[in-house]
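Observations on chain architecture
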Amino acid sequence: MNTKALQGQVALVTGASSGIGKAIAIAFAEAGAKVGVNYRSSAEDAEQIVSGIREKGGEAVALQANVAKEDQVQRLFSELIETYGTIDILVNNAGLQKDANFIDMSLEDWQLVIDVNLTGQFLCAREAAKEFIRRGVVEERSCAAGKIICISSVHEKIPWATHANYAASKGGINMLMRTIAQELAPHKIRVNSIAPGAIKTPINRQDWENEEAKAELLNLIPYQRIGKPEDVARMAVWLASDDSDYVVGETLFIDGGMMLYPGFAEG
Ligand SMILES: NC(=O)c1ccc[n+]([C@@H]2O[C@H](COP(=O)([O-])OP(=O)(O)OC[C@H]3O[C@@H](n4cnc5c(N)ncnc54)[C@H](OP(=O)(O)O)[C@@H]3O)[C@@H](O)[C@H]2O)c1
């Protein structure tokens, strides 16, 4: 793979102060992109990531915004474009969980997860697409006018008891992604999803922090290891680069085989 595959491009990674978003922001900077490191509340973490990137000679800026709020998303894009002139790549990564038994799930927790995980992706994709269409292809940087990567989950396909809000948000991302991929492809904009399985980040700490929970989780992973944020980041670099130029409207699963119905492995 071209190690400077994103040279000179401008990327925005939402929810980049932690976990998968953080790893993608760092990998994008290493691949030559100027990176907007979006966060909602963790300013210190975001600033640390930006400093780390700059120390290695890369370019990055921390940008606060709640992706669920239209005015904040518009401000986020204005700030990024003011700083770097345009945007070439959006990674819609910000997300959260608010788990509950279905009959105990509050409307507030349902709405929060839909607002951040699904509406947030809509709002950011819309702003990115406007700028991609306004500017068009810049051949020295990329053969596409823009790339949008939606971070989904294996739970866009696998039902997940006590996570109705989260699974519904990820199922929604699948049709949002495919529909806008169809609509935007004639503008040379590529929209795709990455659907991770279990990746070791703070969002699922309870599943890997003790041995019993970890053993239970490994039962669901044929490849017998929990994923690392860097596994996802490498896929994101490829999907944002011209190396994947003919990939349009696809969901790429990265899950150590979790989608292979491991419960059926014994026949
Ligand atoms: N880890 C996994 O196993 C896994 C598997 C499948 C899919 N995913 C997906 O991967 C994405 C990242 O998850 P993660 O595991 O890296 O979680 P994480 O470590 O908890 O990070 C979540 C990030 O999202 C940000 N965020 C939350 N609400 C936000 C909002 N309203 N506006 C802007 N940013 C917001 C957080 O920022 P602040 O801290 O500043 O609030 C944080 O940077 C999510 O979409 C998640 O659903 C994760």
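Considerations on the pattern of salt bridges
With the rule as written, the count across this model stands at 11 salt bridges. With a shortest N-O distance of 3.9 Å, Glu 127 and Arg 126 are connected by a salt bridge. On the accessibility criterion, Arg 126 (28% relative accessible area) is partly exposed. Between Arg 225 and Asp 231 there is a salt bridge whose closest N-O contact spans 2.9 Å. In this structure Asp 231 comes out as buried when scored by relative accessible area, which is 12%. The network of salt bridges with common partners includes Glu 70, Arg 126, Glu 127 and Lys 130.

Here we look at the sheet that holds strand 5 (residues 146–151)
Strand order in the open sheet formed by seven strands is 3-2-1-4-5-6-7, and the pairing between neighbours is parallel. One side of each edge strand has no neighbouring strand; the edge strands of this open sheet are strand 3 (59–64) and strand 7 (251–254). Here the average twist between neighbouring strands, direction ignored, is 20 degrees. Sheet topology places strand 6 (residues 189–196) next to strand 7; four bridges connect them, and they run parallel. What sits directly across from Ile 194, in strand 7, is Leu 252. Helix 1 (residues 19–30) rests against strand 1 (10–13), strand 2 (34–39), strand 4 (89–92), strand 5 and strand 6 of the sheet, and its axis sits at about 170 degrees to strand 1. Sitting on the sheet, helix 5 (residues 164–184) touches strand 5, strand 6 and strand 7, and the angle it makes with strand 6 is about 160 degrees.

Criteria and cut-off values
Residues numbered from 1 in each chain as written. Predicted model: local features only at pLDDT ≥ 70, side-chain atom pairs only at ≥ 80, totals over all residues. Heavy atoms only, no water. Salt bridge = Lys/Arg side-chain N within 4 Å of Asp/Glu carboxyl O. Buried < 20%, exposed > 50% of the residue type's maximum accessible area, 1.4 Å probe, protein only. Pairing = 2+ DSSP bridges. Helix = DSSP H or I, 4+ residues; strand = E, 2+ residues; numbered from the N terminus. Axes fitted to C-alpha atoms, helices over the stretch in contact; angles between N-to-C directions. Contact = heavy atoms within 4.5 Å.

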